[in-house]
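Results of the structural survey
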Amino acid sequence: MRSSIVAIVGRPNVGKSTIFNRLVGERISIVEDVPGVTRDRIYAEAEWLNTTFRLIDTGGIELGDEPLLVQMREQAEVAIREADVIIFMVNGREGITAADEEVTKILFKSNKPVVLAVNKVDNPEMREQIYEFYALGFGEPYPISGTHGLGLGDLLDQVVSLFPERENVPVDEDVIHFSLIGRPNVGKSSLVNAILNEERVIVSDIAGTTRDAIDTSLTREGHDFVIIDTAGMRKRGKIYESTEKYSILRALKAIERSDVVLTLIDAETGIIEQDKKIAGYAHDAGKAVIIVVNKWDTIQQHDQAMKEFEEEVRAHFQFLDYAPIVYLSAKTKKRIHTLLPKVIEASENHAKRVETNVLNDVIMDALAINPAPTKHGKKLKVLYATQVAVKPPTFVVFVNDPELMHFSYQRFLENQIREAFGFEGTPIKIYARRRN
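First, a word on scope: everything that follows refers to the structure included in this document. Every value quoted in this text rests on a predicted model; they were computed, and no experiment measured them.

Tallying each qualifying case throughout the model produces 12 aromatic pairs. With a centroid separation of 5.8 Å and an interplanar angle of 85°, the aromatic rings of Phe88 and Phe138 are classed as edge-to-face. With a gap of 50 residues between them, Phe88 in strand E4 (residues 85-91) and Phe138 in the loop between strand E5 (114-119) and strand E6 (141-143) connect regions that are remote in the sequence. Classification of Phe138 by relative accessible area gives buried; the value is 14%. Cluster of aromatic residues (ring-pair linked, three or more members): Phe88, Phe108 and Phe138. Against the face of Phe423 rests Lys352, its NZ or CZ located 5.1 Å from the ring centre.

This is the structure we're talking about:
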C-alpha cells in the first residue's frame, strides 16, 4: 500500500520549514530567517488521524533568473508533480505578493488538490486579514502559526481528507520483488538491462502501482521476479537529470514495494555520503539488502582488490553488516550471474521462520556462553523467546525487566541467532518484553 505524498510549497521565507518540523515532530529542516535557506526538498514521515504519509519540504519558488532561485523552482515543480496533495503556504502578515501569484500559476497547472495555509497568524485579531487570500482561487484559507503551532489540526484534517483512495494491491508471495537504488549515474539502468539481456526470459512489461515506474517480470530457474524500475529509464526532462534529491523520493516509493533492495555503489568513483543515506532508507524500512558494487571492471585487478574494497564498504556501511556484497560490471556483464542467486537467498531469509523450541535452544546456549548482565544490582533474566513476524524476521524475548536489556547484550543475542540460522541479507529485529 503506497503512502500518500504531501508537498509544502510557497515562496521563500513563509515558514515552510518551521511547519514541516512541527508536523514531523523533530527539527529536520534548517530554520533561519533568510530567504532561500532551504535549498533542497527534504522528506520525512508524518502521521495524522492514524494515517501515515510522506511530507516534502521544498525550497521556495520565486520570480527571477538567479541560478539558486531557478534550481529551487525546479525542485518545487518536481515535488508538486509527485505529490497527492499540496499545502500552499503564504505569509498572512504580508498579504498576496507577485511571487505568490507565480506559485499559484504553477499549482493550477498541476491539477492537484491544494490546501491554502496562511502562516504567521499568531493572534485572533490577525484572522480577519486572511480573507484576501480567497482571491488566489484555492477556496478556504486555513490560518496557522508555525511558531506557536496553532491551526495545524484543522489544516491536517483537510489535507488527509483529500488523499486518494488507497488500494491494497494483491501481492503474489511466490514472486520476488526487488528494486535497484543508488545515486544518479551509478549504473542502475545499465544493470537492469544487463539482467534482462542475460536471462532473455522477459515475461511481460506490466504497469507498476507507482505512477512513474514500469515493473518488469522475468523468470529464471523456476523463480519469478519483478524488477521495480527506479533507474530513471524514463526520465521526463532535464529537471529529473539535474535534481539529485529526486532519486531519493523515487527510491522511497520503490523500497516500500520491494522484498529485496539492491543498493548500488560505483566502484570507479568510490563511496560517498549520498550512498550511505540512500542505503539507510532500505535498512530503516526493514527490507532485505544486497550491496552491489558496479563498474568492477574499471578497478585495477590484483589479489587483494576485492578484499580491500570490502573492508572499505564494511567500514562505511556498518549498519548493513548483514548484507552480502556482489561485485560485477553491468557494462561487460562480468559476474552478472552471481546476482540473482543472492537475491533469492536474501528473499528467502527475509521470510524465514524459526521454530520456537529450536530458537529457545539457541537462546539458552547463548546464556550459557555469555550470562545475562547485571544492572544496579539487578540481574536480567531471559525467560524465553519467540518469532512474531517475518519480512523482516522479528523476535520477542521475554524477560523479567526490559530496562535491564542493554543494547550490547541484545546485539549479542542477534549475533547468536544469525550464527545459528543464517539470515544473510536481511535485518532482524529483537524486542525485549516483560512477561505478564
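This paragraph deals with the sheet that holds strand E16 (residues 382-389). Read from one edge of the open sheet, 3 strands run E16-E17-E18, paired in mixed fashion. Looking at which strands have only one partner, the edges of the open sheet turn out to be E16 and strand E18 (429-434). The average undirected angle you get between the axes of adjacent strands in this sheet is 25°. Where E16 and strand E17 (residues 394-399) come together, 6 bridges link them in antiparallel fashion. Bridged to Ala389 within E17 is Thr394. Sheet contacts for helix H11 (residues 356-369): E16 and E17; angle to E16, the most-contacted strand, approximately 140°.

Conventions used here
Residues numbered from 1 in each chain as written. Predicted model: local features only at pLDDT ≥ 70, side-chain atom pairs only at ≥ 80, totals over all residues. Heavy atoms only, no water. Phe/Tyr/Trp six-rings, centres within 6.5 Å; stacked < 30°, edge-to-face > 60°. Helix = DSSP H or I, 4+ residues; strand = E, 2+ residues; numbered from the N terminus. Buried < 20%, exposed > 50% of the residue type's maximum accessible area, 1.4 Å probe, protein only. Lys NZ or Arg CZ within 6 Å of the ring centre and 35° of its normal. Pairing = 2+ DSSP bridges. Axes fitted to C-alpha atoms, helices over the stretch in contact; angles between N-to-C directions. Contact = heavy atoms within 4.5 Å.

Distances and angles like these do not, on their own, reveal function.
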